[in-house]
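Descriptive analysis of the structure
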Amino acid sequence: MNDIDPPFDILEPERLVTPFVFNSPHSGTVYPASFLTSSRLDALTLRRSEDTLVDRLFEGVVKLGAPLMRAHFPRAYLDVNREPYELDPKMFNGGLPNFANTRSMRVAGGLGTIARIVGEAQEIYTSKLSVDEGLERIELLYKPYHRALRRLLGRSQRAFGVVVLVDCHSMPSASLANEPAPRADIVLGDRYGTSCGGALAEVFEDCFRAAGLFVTRNKPYAGGYITEHYGNPISHCHAIQIEINRALYMDERSFAPSPNFMQLATLIQATFARIIGSGAVALSPQRNAAE
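Residues numbered from 1 in each chain as written. Predicted model: local features only at pLDDT ≥ 70, side-chain atom pairs only at ≥ 80, totals over all residues. Heavy atoms only, no water.

**Considering helix 8 (residues 261-276)**
Applicable threshold: Secondary structure elements follow DSSP: runs of H or I no shorter than four residues count as helices, runs of E no shorter than two count as strands, and numbering proceeds from the N terminus. To estimate how far a helix should extend, the number of its residues minus one is multiplied by 1.5 Å. Burial classification: accessible surface area is computed with a 1.4 Å probe over protein chains only, and a residue below 20% of its type maximum counts as buried, one above 50% as exposed, and the rest as partly exposed. It is the directions from the helix axis to the C-beta atoms whose arc is reported. By the convention used here, residues are in contact when the closest approach between their heavy atoms is within 4.5 Å.
If you check helix 8, its first and last C-alpha atoms are 23 Å apart, about what 16 residues at 1.5 Å a residue would give, namely 22 Å. Within helix 8, the full set of buried residues consists of Phe-261, Leu-264, Ala-265, Ile-268, Thr-271, Phe-272 and Ile-275. The buried residues of helix 8 occupy an angular sector of 125° when projected down its axis, which confines them to one face. Structural note: helix 8 exposes Met-262 and Gln-263 on the side pointing more than 90 degrees away from its buried face. For helix 8, the secondary structure elements touched by its buried residues are strand 2 (20-24), helix 3 (54-57), strand 8 (163-171), helix 6 (198-210) and strand 11 (237-245).

Rendered as structure tokens:
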């Protein structure tokens, strides 16, 4: 566990001037040596579950006055976009705690808090893990990550009376093969209207379309645990997930940025400048960003 230090970082703006908080939970690329040794897969195959380069795509939002949080550990090692204890009992030697959620659809699919597979159902581990090792990953990585994310959200909500969490992800172009043509460039997930106010979600969609991108909502990705858990528009906490088609900015075989990378990063920054400046998020008149 010492090979991931720090497990995440937060890029802070010079001055907090917007209630938007950006989060990239799946862009980590620090693979512990013990993890690589215990895997039946090579390092390149393990990377297939990464949201490679997404944190770099969104770095420009920091210049707009918003923080960006990003994981350093990879999703294949621990997934913070799950409940804390979505665990597959078949992966472990010994019994899991009674409070573990062993029956979720994500666990059944091999993609719990500690994943069993990557890519096209490729098994990660050569042998079972100890329960203690699994719980240690949750204690040392998952819980600190979510504590830090909650602090960021709470800070912005205290400053502005409202907060907007943008959960940043990418999707393999192959995952869109069965979707109606043309394939989406951007999929916005608002948990079918429950995690983000409708007017705000419309602004997201309109601004990305105005930037020349093909946008869909909630299909095939409606948002994961982070979007669902933190999004509560009634309490003035909005959460929306953004999935970006990897073919727009990277070579999906080598994981290298494509020649279009900087163009897309610039477009994302400009689009969020429009979203933030749209006035779609009503700030509490009693709150002031200069506090």
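**A closer look at helix 6**
Over its 13 residues, helix 6 extends 18 Å from the first C-alpha to the last, a length consistent with the 18 Å expected when each residue adds 1.5 Å. Residues of helix 6 that are buried in the fold lie against strand 2, strand 8, strand 9 (186-189), strand 10 (215-217), strand 11 and helix 8. Phi for Gly-212, located one or two positions after helix 6, is positive at around 95°.

**Considering the side chain of Asn-218**
Under the convention used in this document: Polar contacts, as used here, are pairs of N or O atoms within 3.5 Å; protein pairs need one atom able to donate a hydrogen and one able to accept it. Residues neighboring in sequence count only if both atoms are side-chain atoms.
Structurally, Asn-218 is set in the loop between strand 10 and helix 7 (225-230). Here Asp-190 takes part through its side chain, which lies 2.8 Å from a polar atom of the side chain of Asn-218. Those residues within four positions of Asn-218 in sequence are excluded, and the remaining contacts are Val-187, Leu-188, Gly-189, Asp-190, Arg-191, Tyr-192 and Gly-193.

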